[in-house]
Amino acid sequence: MLQIVGNAAFTLLVRVARHQKFDYLLVGATNYAVAAAVSLALLLHSPTPASPTAVLYGVINGAQYQVTFLLMYAMLSMTGVAVMTSFLRLSVFIPTIASIAIWSEFPSPIQAVGLALTALALPLLGTAASRTAPAKWRSWRPVALIVTTMLFSGAGLLAAKAFSELHLEAQRPVYLVAAYGTATLLSLLTWPLRPRLERTPSVRGVWPALGLGMITGLCNIGQLAAFLRGLAVVPGIIAFPVTAAGGLLLVTVFGRIAWNERIAGRAGAGIVLALAAVALVNA
């Protein structure tokens, strides 16, 4: 539940940075730097020798974070936060399938029904967007952007699952430092591209961007730390669909309330299916 709330808050704050004309890359760099600093403090509080495997998985997760952050900038320019989030959440099928194929995690019959409802809920919720969104998906470039975003996001989730299978609870701070340290480094490396990426000038100033980035960073590390702890006890076949449907549900509802993003009839059905899916998968 903490991961669902934290990840939804992170996504909504990214939407604020994009559409309220904050310095997007500055918000992102601050977000990852704050998360890296908190991760390092956790590691220093409980020092432990770093496992190379934990570092590797953390680096993969961190690289995925920064790449996805940049892709989210482009996706938010084409559609609402609900549609963007729906495609990000569809990436859970990558680690979910891996949980079945690699780690032999099979659901009970009731949970299988919940998983099927999740598969139905995600695309239905994806219809909650601006009326102009459907036309923009017709060209090949947005489709390529969606597929790329899903693959990168799925790779990060798969890295978190693989790390949880190591059963190295003491290595969680190491994983967090590797993830957010990598994301911070990549944020700095992409800084020279700022004039080309951010064609809309920022009007919020440096200090508001830093403040928003700090809040975003705390939500970011909170959701990943909670998720790693959850994956240690909850099978991936359950954790990934539940967090996907739950997070998408929160983002969709908040997008409707805060920004009046329209929710069509199919999206309303998707919300009902998401609620049912979460209940059945937790049965």
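Residues numbered from 1 in each chain as written. Predicted model: local features only at pLDDT ≥ 70, side-chain atom pairs only at ≥ 80, totals over all residues. Heavy atoms only, no water.

1. Points about helix α11 (residues 206–231)
For clarity, the threshold we go by: Numbered from the N terminus, helices here are DSSP runs of H or I no shorter than four residues, and strands are runs of E no shorter than two. Residue count minus one, scaled by 1.5 Å, sets the expected span of a helix. The classification of residues rests on relative accessible area computed with a 1.4 Å probe and restricted to protein chains. Under 20% of the type maximum is buried, over 50% is exposed, and intermediate values are partly exposed.
Between its terminal C-alpha atoms α11 stretches 37 Å, which fits the 38 Å expected from 26 residues at 1.5 Å a residue. Those residues of α11 that fall on the buried side of the exposure criterion are A209, L212, G213, T216, G217, N220, I221, Q223, L224, F227, L228 and L231.

2. Comments concerning the confidence of the model for the protein
Quick reminder of the rule: pLDDT measures how confident the predictor is about each residue, on a scale from 0 to 100.
Overall, the prediction assigns the protein a mean pLDDT of 85, with 88% of residues at 70 or greater. Across the protein, element-level confidence peaks in helix α9 (residues 172–189) with a mean pLDDT of 96 and bottoms out in helix α7 (residues 133–136) with 53.

3. Section: helix α4 (residues 81–89)
With nine of nine residues buried, α4 lies mostly within the body of the structure. Buried within α4 are the following residues: V81, A82, V83, M84, T85, S86, F87, L88 and R89.

4. Focus on unusual backbone geometry
In this structure, K21 is a non-glycine residue whose phi angle is positive, near 60°. By the element assignment, K21 lies in the loop between α1 (2–19) and α2 (24–45). Located in the positive-phi region is S104, a residue other than glycine, with phi close to 50°. Among the secondary structure elements, S104 is positioned in the loop between α5 (93–101) and α6 (109–125).

5. A few points about empty space enclosed by the protein
Spelled out, the test is: For each structure, a 1 Å grid was placed over the protein atoms alone; sets of points admitting a 1.4 Å probe that cannot get out are labelled cavities, open sets with protein on both sides within 12 Å along at least five of seven lines are labelled pockets, and lining residues have an atom within 4 Å of a point. Grid points are joined across faces, edges and corners, and a volume is the space filled by probe spheres set on the points. Amino acid classes used here: Ala, Val, Leu, Ile, Met, Phe, Trp, Tyr, Cys and Pro are nonpolar; Asp, Glu, Lys and Arg are charged; the rest, including Gly, are polar.
Scanning the entire structure with this criterion turns up four cavities of 30 Å³ or more. Each pocket or cavity is described by its volume, and for the largest cavity that value is around 400 Å³. Secondary structure elements with two or more residues in the lining of the largest cavity: α1, α3 (52–76), α4, α8 (140–164), α11 and α12 (236–259). Counting residues per element, the lining of the largest cavity draws most heavily on α3, at six residues. Of the residues contributing to the lining of the largest cavity, the split by class is 14 nonpolar, 13 polar and one charged. Here the second largest cavity is characterised by a volume of approximately 60 Å³. In terms of lining, the second largest cavity is formed by F163, S164, H167, L168, E169, R172, L228 and A232. When its residues are assigned to classes, the lining of the second largest cavity shows four nonpolar, two polar and two charged.

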